Amino acid sequence: MNSITILKEIVNMVRTTVNWENSLSPEEWLKTRNTSDWKTKFEEEGYMKIKDILNNVELETYRNIYDQLLSGEIDAATHRHDLGNHLDRKVKNTENICQIMWPSLFVENLLQGPYHRRAIKCAQVIFGEDMEFDFDMMISKAPHTDTIMPWHQDESYWPNLPDKRAISFWLSLDNATEDNGCMQFVPGSHKKPLRSHQPVQLGHHTLSCDANEDEFVAVPLPPGSCTLHHGRTIHYTRGNSTSHPRRAMTVVVRPREMVKLERESGFDHGKSQGVGKILGVGQGHEHGKS
């Protein structure tokens, strides 16, 4: 199936539509925050957290959307796969680490929602007004799947762009703890050269670099809060060894000219051709198979 066919099929789907009219605009929301140290903190550490980027009502809306995508009620099979598929499944009929690229393709108005718009505004506070949306994704660790997302730098998955400014926002829809897979970072690692990365197993998409757990700082989060990190900040998450889900949604923001450069080079993070283009033959997801 070619990229035009995939996108046409998605456009023709009956997609969930969300009404965000009761949410604060990014500008109104930002006025409720003290942003005076954001730029300094982020540039020094390479990561930070923002509490309550969503209120409880908004959070429930995102949870509902997320669960429809996870269950297959909203069919995102072309953009879905298992980041932990180099290992046997820990739970029958459940991915070890479920990733759905571009949820905004499948949900009408998701890009106009408070999370995406506030993430862009936060990135502009830190890195300037030219920051804009690049892509989004979901990463879910179901109960007892107990599969780590290994040490890596997001930049290792991306083209070598001349402007390295990029911020990945990681929204937790659940209480994120060390035991279910909260984010953990190596402070200041974004200031150093990109480390060498290798596939976790020959022929697999997931990458890993050398690191030591003693380097990391864990950042637990309450639901509706988020972390944000530089594209070169080393990070990882432990597996979910608990009885509760760990659902996260990522929005990546980078300079407008760099997004344009990516697209001109044919790189769109799997948007037009689904995960098959990224993963290669045999690495896609067929919902419901174990």
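Residues numbered from 1 in each chain as written. Predicted model: local features only at pLDDT ≥ 70, side-chain atom pairs only at ≥ 80, totals over all residues. Heavy atoms only, no water.

J.: I would appreciate a short explanation of the pattern of salt bridges in the present structure.
T.: Close approach of charged atoms allows side chains of opposite charge to pair. Tallying each qualifying case throughout the model produces 21 salt bridges. With its nearest N and O atoms 3.1 Å apart, the salt bridge here joins glutamate 44 to lysine 191. Here the residue glutamate 44 occupies a position in helix H3 (residues 38-45), and lysine 191 occupies one in the loop between strand E9 (183-185) and strand E10 (197-199), the gap between them amounting to 147 residues. Given a relative accessible area of 46%, glutamate 44 falls into the partly exposed group. For lysine 191, a relative accessible area of 49% corresponds to the partly exposed category. Close ionic contact of aspartate 82 with arginine 89 constitutes a salt bridge, the shortest N to O distance being 3.9 Å. (Salt bridge = Lys/Arg side-chain N within 4 Å of Asp/Glu carboxyl O. Helix = DSSP H or I, 4+ residues; strand = E, 2+ residues; numbered from the N terminus. Buried < 20%, exposed > 50% of the residue type's maximum accessible area, 1.4 Å probe, protein only.)

J.: Looking at this structure, I do not really get the pairing of strand E8 (residues 167-172). What am I missing?
T.: Put simply, side chains in a regular strand alternate between the two faces of the sheet. For E8, the buried fraction is high: six of the six residues fall into the buried class. Side chains of E8 alternate between two faces, with Ile167, Phe169 and Leu171 and Ser168, Trp170 and Ser172 buried alike. As paired elements, E8 and strand E13 (residues 226-230) share five bridges and run antiparallel to each other. Directly across from tryptophan 170, in E13, lies its bridge partner threonine 227. Judged from the six bridges that link them, E8 and strand E15 (residues 246-255) form a sheet pairing that is antiparallel. From the neighbouring strand, leucine 171 faces E15, where its bridge partner is methionine 249. (Pairing = 2+ DSSP bridges.)

J.: Even after reading the chapter, I still don't get the packing of aromatic side chains, so can you show me in this structure?
T.: Centre-to-centre distance and the angle between the planes together describe a pair of aromatic rings. Under the defined criterion, the tally for this structure stands at eight aromatic pairs. Aromatic pair phenylalanine 42 and phenylalanine 127: ring centres 5.7 Å apart, planes at 90 degrees, arrangement edge-to-face. Residue phenylalanine 42 is found in helix H3, and its partner phenylalanine 127 is found in helix H5 (residues 114-127); the two are separated by 85 residues along the sequence. For the pair phenylalanine 42 and phenylalanine 127, one class covers both residues: buried. Three or more aromatic residues joined by ring pairs make a cluster, and in this case those are Trp20, Tyr62 and Tyr115. (Phe/Tyr/Trp six-rings, centres within 6.5 Å; stacked < 30°, edge-to-face > 60°.)

J.: What is the right way to look at the sheet that holds E13 in this model?
T.: In a beta sheet, neighbouring strands are held together by backbone hydrogen bonds and run either parallel or antiparallel to one another. Pairing in this open sheet of seven strands is antiparallel, and the strands run E2-E13-E8-E15-E6-E4-E3 from one edge to the other. With one partner strand each, in any of the chains shown, strand E2 (47-50) and strand E3 (80-82) form the two edges of the open sheet. Averaged over all pairs of adjacent strands, the angle between strand axes in this sheet comes to 20 degrees, irrespective of strand direction. Helix-sheet contacts for H3 involve E2, E8 and E13, and the interaxial angle to E2 is about 135 degrees. (Axes fitted to C-alpha atoms, helices over the stretch in contact; angles between N-to-C directions. Contact = heavy atoms within 4.5 Å.)

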